[in-house]
Amino acid sequence: MVASLIVLIPAAVAGFAGATVRRARLREERAEAESPPRGMLIKARGDFGAVTIHAEIAGEGPDLILIHGASGNAREFTFRLTDRLKSRYRVIAFDRPGLGWSGDMGAAGNSPQGQVAALRAAAARLGVHRPVVLGQSYGGAVAMAWALAAPEEVAALVIVSGATHPWHGGLGLWYRLMRSWTGRNVVVPIVTAWAGRRRAKRVIEAIFAPQKMPRGYLDHIGIGLILRRETLRINARQVNALLRHVTDLAPRYARLKMPIEIVHGTADSIVPIGIHAERMVRQVPGANLTRLEGVGHMPHHTHPDEVIAAIHRASARAGTR
């Protein structure tokens, strides 16, 4: 009996592993078919080599670049925000390297600085001129890195719930797990293959808290794209590396001269206002902070009027409209 069990257990494990890989692959194929690229696929080249960058573009006017946060893609902004901006701006929402439909840069894409090199190259291919650059969450660090890399190119910055400064403590169980071989090679395929919509909904609702997730958001963002195996690994790689990069970036923010509009909720428990936005506004003479009392991490969805007003202020201060 015991001997039979010893033989059966490895066989059962192997069977589950094989079923998981097959199911993960099928779910990825379905997700990509259901959420295809809706914008331009741009071949960006530079010292980093070559990488494909996906950009969704709408409207006419001064250039406005939108950079999403961790795990996301350009659909983060095309849910509702882009439609409200395209009458006044040429709105360019990028998929950051390795996420959405943009290609992976490998190790070069682990830093906001590396991602900026690819996004700048893609922007140049689009003829972008002195854009207002908006970054949300992780995208806030990318926007700040862009301004530091090419201050003459950036008319103004809008930082929404931006992860811009060093913090103390860890990033939670998921990101700790993703540092391990087991996490990347065992847990990730299981999540891709077996994670249900209900679980994904709970995770996203926690990101929106204390506000509610808007109706239709979960369907629009293409949750299946986010749950692809390589997307999960690349996102974790980027997030786990972020602390050391913002530690390098933050001391240099004070040299920036362009207008900077910051929008941040006081109830944001993911990127706390006291660690990031309030430090920024004390550090940078050209920074203006809009504090949203009782608001969480996603004000571009829950309080879009305030975010749009900040974009307009940034554009007016920079003289781009």
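What comes next concerns the included structure. Bear in mind the structure is a predicted one, so any value in this text is a computation, not a measurement. (Residues numbered from 1 in each chain as written. Predicted model: local features only at pLDDT ≥ 70, side-chain atom pairs only at ≥ 80, totals over all residues. Heavy atoms only, no water.)

With 56 residues, the main nonpolar core has I65, F94, W146, L157 and I260 as its most contacted residues. A per-element tally of this core places helix 5 (residues 138-149) first, with 9 residues. Excluding its chain neighbours within four sequence positions, the residues that come into contact with I260 are M144, L157, I159, V284, G286, A287, N288 and R317. Listed in part, the 24 residues of the second largest apolar core include F77, L134, V263 and I308. (Core = buried A, V, L, I, M, F, W, Y, C linked by side-chain atoms within 4.5 Å. Buried < 20%, exposed > 50% of the residue type's maximum accessible area, 1.4 Å probe, protein only. Helix = DSSP H or I, 4+ residues; strand = E, 2+ residues; numbered from the N terminus. Contact = heavy atoms within 4.5 Å.)

The next thing to look at is the packing of aromatic side chains. The full count for this structure, using the stated rule, is 2 aromatic pairs. Between F79 and Y217 the ring centres are 5.6 Å apart and the planes differ by 90 degrees, which places this aromatic pair in the edge-to-face class. You can see F79 sitting in the loop between helix 2 (75-78) and helix 3 (81-85) and its partner Y217 sitting in helix 9 (residues 217-220), a full 138 residues away along the chain. Across the pair, exposure class does not vary: F79 and Y217 are buried alike. Plain terms: the ring middles of F208 and Y217 are 5.1 Å apart, the flat faces sit at 80 degrees to each other, and that makes the pair edge-to-face. Across the pair, exposure class does not vary: F208 and Y217 are buried alike. In this structure an aromatic cluster arises from ring pairing among F79, F208 and Y217. (Phe/Tyr/Trp six-rings, centres within 6.5 Å; stacked < 30°, edge-to-face > 60°.)

Quick look at helix 7 (residues 181-194) now. An ideal rise of 1.5 Å per residue puts 20 Å on 14 residues; helix 7 measures up with 19 Å between its terminal C-alpha atoms. At V187, helix 7 is deflected by roughly 35 degrees, the largest bend along its length, and proline P189 occurs up to four residues later in sequence. Buried within helix 7 we find G183, V188, P189, T192 and A193. (Expected span 1.5 Å × (residues − 1). Bend = angle between axes of the 7 residues up to and from the residue.)

On to the packing of helix 7 against helix 11 (residues 229-249). Relative placement of two packed helices is described by the angle separating their axes and the distance separating the axes. Packing of helix 7 against helix 11 leaves a shortest axis separation of 9 Å and a crossing angle of 125 degrees. As the angle between them shows, helix 7 and helix 11 are arranged oblique. The handedness of the crossing between helix 7 and helix 11 is right-handed. In this structure, helix 7 contributes R184, N185, V188, P189, V191 and T192 to the contact, and helix 11 contributes R229, L232 and R233. Class assignment of the residues belonging to the contact of helix 7 with helix 11 gives a composition of 4 nonpolar, 2 polar and 3 charged. (Axes fitted to C-alpha atoms, helices over the stretch in contact; angles between N-to-C directions. Parallel < 35°, antiparallel > 145°, perpendicular 65-115°, else oblique. Left-handed = near helix turned anticlockwise from the far one by under 90°. Nonpolar A, V, L, I, M, F, W, Y, C, P; charged D, E, K, R; others polar.)

In this section: the sheet that holds strand 2 (residues 49-58). Within a sheet, each strand pairs with its neighbour through backbone hydrogen bonds, oriented either parallel or antiparallel. Spatial ordering of the open sheet is given by 1-2-4-3-5-6-7-8, a layout of 8 strands whose pairing is mixed. Strands at the two margins of the open sheet, each flanked by one partner only, are strand 1 (40-46) and strand 8 (287-292). Here the strands of the sheet are splayed against their neighbours by 25 degrees on average, with no regard to which way each runs. Of the strand pairs in this sheet, strand 5 (residues 132-136) and strand 6 (residues 156-160) are connected by 5 bridges, and their pairing is parallel. Note that in strand 6 the partner of V132 across the bridge is A156. The strands that helix 4 (residues 112-125) touches are strand 1, strand 2, strand 3 (63-67) and strand 4 (90-94); relative to strand 1, the one it contacts most, it runs at about 115 degrees. The sheet contacts of helix 5 involve strand 3, strand 4, strand 5, strand 6 and strand 7 (260-265), and relative to strand 5 the element is tilted by about 150 degrees. (Pairing = 2+ DSSP bridges.)

So, about the packing of helix 4 against helix 11. The interhelical angle for the contact between helix 4 and helix 11, taken along N-to-C directions, is 95 degrees, at an axis separation of 9 Å. Considering the angle they form, helix 4 stands roughly perpendicular to helix 11. Where helix 4 approaches helix 11, its residues P112, Q113 and Q115 are matched on the opposing element by Q238, L242, H245, D248 and L249. Across the contact of helix 4 with helix 11, the residue classes break down as 3 nonpolar, 4 polar and 1 charged.

On to the pattern of salt bridges. Considering all chains together, one arrives at 15 salt bridges under this definition. Ionic pairing is found between R229 and E28, a salt bridge with its closest N-O pair at 2.7 Å. You can see R229 sitting in helix 11 and its partner E28 sitting in helix 1 (residues 2-34), a full 201 residues away along the chain. You'll find R229 and E28 in the same group, each marked buried. Between E261 and R313 there is a salt bridge; the shortest N-O distance is 3.2 Å. Within this pair, whereas E261 is found in strand 7, its partner R313 is found in helix 14 (residues 304-318), the two being separated by 52 residues in sequence. Judged by its relative accessible area of 1%, E261 falls in the buried class. On the basis of relative accessibility, which here comes to 30%, the residue R313 falls in the partly exposed class. (Salt bridge = Lys/Arg side-chain N within 4 Å of Asp/Glu carboxyl O.)

Function cannot be inferred from these measures alone, as they are strictly geometric.
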